[in-house]
Amino acid sequence: MRRLRNVKIVATLGPSSETYDMIRALHEAGADVFRLNMSHGSHEEIREKHRIIRQVEKDLQSPIAILADLQGPKLRVGVFANGAEDLEEGAKFRLDLDTAEGDIHRVCLPHPEIFAALKPGANLLVNDGKIRLKVEDCGDDFANCVVTTGGTISNRKGVNVPDVVLPLAALSDKDRDDLEFVCGLGVDWLALSFVQRPEDVTEARELAQGRAAILSKIEKPAAVEAFDDILAVSDGIMVARGDLGVELPVSAVPPIQKRLVRKCRHVAKPVIVATQMLESMIDSPMPTRAEISDVATAIYEGSDAIMLSAESAAGSYPIEAVTTMNNVAVEVENDPTYREIIEASRTQPRSGVADAIVAAAREIAETTQVAAICCFSQSGTTALLIARERPRVPIIAMTSLRGTARRLALSWGTNCVITSNVSRFKMAVVASARAARDLGYAQESDQIVVTAGLPFNVPGTTNILRVSPCDERLIFNVESE
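Please read these numbers as outputs of a predicted model, since none were measured by experiment.

*Asks:* Quick one: what's the story with the sheet that holds strand 19 (residues 414-418), residue by residue and with numbers?
*Replies:* Taken in spatial order, the five strands of this open sheet run 19-18-17-20-21, and their pairing is mixed. Each having just a single partner strand, strand 19 and strand 21 (462-469) make up the two edges of the open sheet. Geometrically, the sheet is characterised by an average inter-axis angle of 25 degrees between neighbouring strands, direction not taken into account. Sheet topology note: the strand 20 (residues 447-453)/strand 21 ladder contains seven bridges and is antiparallel. By the bridge assignment, Ala-452 is partnered in strand 21 with Ile-464. Against the sheet, helix 14 (residues 353-367) makes contact with strand 17 (370-376), strand 20 and strand 21, and its axis sits at roughly 20 degrees relative to strand 21, the strand it touches most. Set on the sheet, helix 17 (residues 425-438) makes contact with strand 17, strand 18 (395-399), strand 19, strand 20 and strand 21; between it and strand 20 the angle comes to about 135 degrees.

Shown next, in the form of structure tokens:
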């Protein structure tokens, strides 16, 4: 399905968007990737959503990526005898392992791993940071705190521990079960929550066994600190600004977002900017001006994708939210300033033949009348390298592997075409010319750039580039390879 913009849109599915008609309408409105939130819904409900997405994909003949977002470990306080208590600033409050119901003085925190990592001076954030506690004294089974920001604390509210790396695996038992289930279904991407260190990603990759690409959610200060190492072992990144804005000062999030997006672009790995992008559209058909600016900023930065969460999953206006994102993206990408920013922030790594080939393809497209860049890619790596260049012309990724086409639906500017295996470069050129014409990116009178690797169907062998006419008669008149 041809898009008039390059940034991709991720839409989360939920109660507002679980029927065939709605999922199809969301895809037609602009959703390129559907997110399945494993924090909500049974396996059977997830299975049904997966089935519907694949049916829409088949009916529209348009590769769609499915992203399964694992819940991660959830840290919560216990319950209170009165259901809730009001904590005043300056008051003393104790967290411990005692399972007795809590009161104004204490409550259970059933996570010994937290106590093992805490030190005096550490901060604990409760209920998305609405309540802040500072540790004065702690041991293996308790933490005596002072309330630095008061408020109402109630049953099973979440706890964030921003100041320490917790000795907790990113995958809970539930996550392991969910991972195996969704990999068996055939999802394309796994989003890993609670990442603190590269080993968290490595563990998930070992469990996935190549059945899905691994996307690390950056939502903890420890992940920001270890980002380069985490990026090295990840296939993609999500800048999850929700928890990041709880555990860090909210003023720190925008510069972190910019740094992470730029680093992902440098190594040609997809990056999603997520959380509260059009939050008001959960209840309103119109977004705020600030939300539109936030979406536009992520696009100007060169993000591969922007994401809707509750807006499309539980909101009253899911199609309007996707349409709004699509319209903002089209407007931004048609702004001359967008090209200036993208090109000024482009890096030029030249570490191998493939890097040189894709850089040359982009330069040719910018200096000649070329309608599109077509690349043959089995693993998807060449398409990602071309996307890193952020060329001014469309990218058509040709692959015989449906899984590769689906994964690339998350990558900036890639228009994926599933093609049969080819054994000669001339037939690759012919297939590229047909795809460019069929997708409406080129006419017979146009030229395209074609990249491929010889021998064919061997990952990592991109070594050839040709500027070719789209007129097949002219292609066949060229001397045989």
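Here the narrative resumes, following the displayed structure.
*Asks:* Tell me what's going on with empty space enclosed by the protein, and back it up with residues and numbers.
*Replies:* The method is simple in principle: a probe with the dimensions of a water molecule rolls over the atoms, and the space it marks as empty is what remains. Counted by the stated rule, this structure contains two cavities of 30 Å³ or more. In this structure, the largest cavity encloses a volume near 40 Å³. Per-element accounting of the lining of the largest cavity gives the leading share, three residues, to helix 15 (residues 381-388). A breakdown of the residues in the lining of the largest cavity according to their chemical character gives five nonpolar, one polar and five charged. Of the volumes computed, that of the second largest cavity is approximately 30 Å³. Contributing to the lining of the second largest cavity are Arg-262, Arg-265, His-266, Ser-345, Arg-346, Thr-347 and Arg-388. For the lining of the second largest cavity, the element with the highest residue contribution is helix 9 (residues 253-266), accounting for three residues. Its residues assigned to classes, the lining of the second largest cavity comprises no nonpolar, three polar and four charged.

*Asks:* Could you give me a rundown of the layout of surface pockets, with the residues and numbers involved?
*Replies:* Put simply, the largest pocket is a space of about 1300 Å³. Surrounding the largest pocket, 48 residues form its lining, Asn-37, Ser-39, His-40, Lys-74 and Asp-243 being those nearest its centre. If you list the elements that add at least two residues to the lining of the largest pocket, you get strand 1 (8-13), strand 2 (33-37), helix 2 (43-60), strand 11 (159-160), strand 14 (236-240), helix 8 (241-247) and helix 11 (310-313). A per-element tally of the lining of the largest pocket places helix 8 first, with four residues. Per-class residue counts for the lining of the largest pocket are 18 nonpolar, 15 polar and 15 charged. Lining of the second largest pocket is provided by 37 residues; of these, Arg-2, Arg-3, Gly-413, Asn-415 and Tyr-441 occupy positions nearest its centre. For the lining of the second largest pocket, the secondary-structure elements that each account for two or more residues are helix 2, helix 12 (318-333), helix 13 (336-344), helix 16 (402-408) and strand 19. A total of five residues in the lining of the second largest pocket trace back to one element, the largest contributor, which is strand 19. The class makeup of the residues in the lining of the second largest pocket is 17 nonpolar, nine polar and eleven charged.

What counts as what
Residues numbered from 1 in each chain as written. Predicted model: local features only at pLDDT ≥ 70, side-chain atom pairs only at ≥ 80, totals over all residues. Heavy atoms only, no water. Pairing = 2+ DSSP bridges. Helix = DSSP H or I, 4+ residues; strand = E, 2+ residues; numbered from the N terminus. Axes fitted to C-alpha atoms, helices over the stretch in contact; angles between N-to-C directions. Contact = heavy atoms within 4.5 Å. 1 Å grid on protein atoms, 1.4 Å probe; cavity = no way out; pocket = protein on both sides within 12 Å on 5 of 7 lines; lining within 4 Å. Points joined across faces, edges and corners; volume = space filled by probe spheres on them. Nonpolar A, V, L, I, M, F, W, Y, C, P; charged D, E, K, R; others polar.

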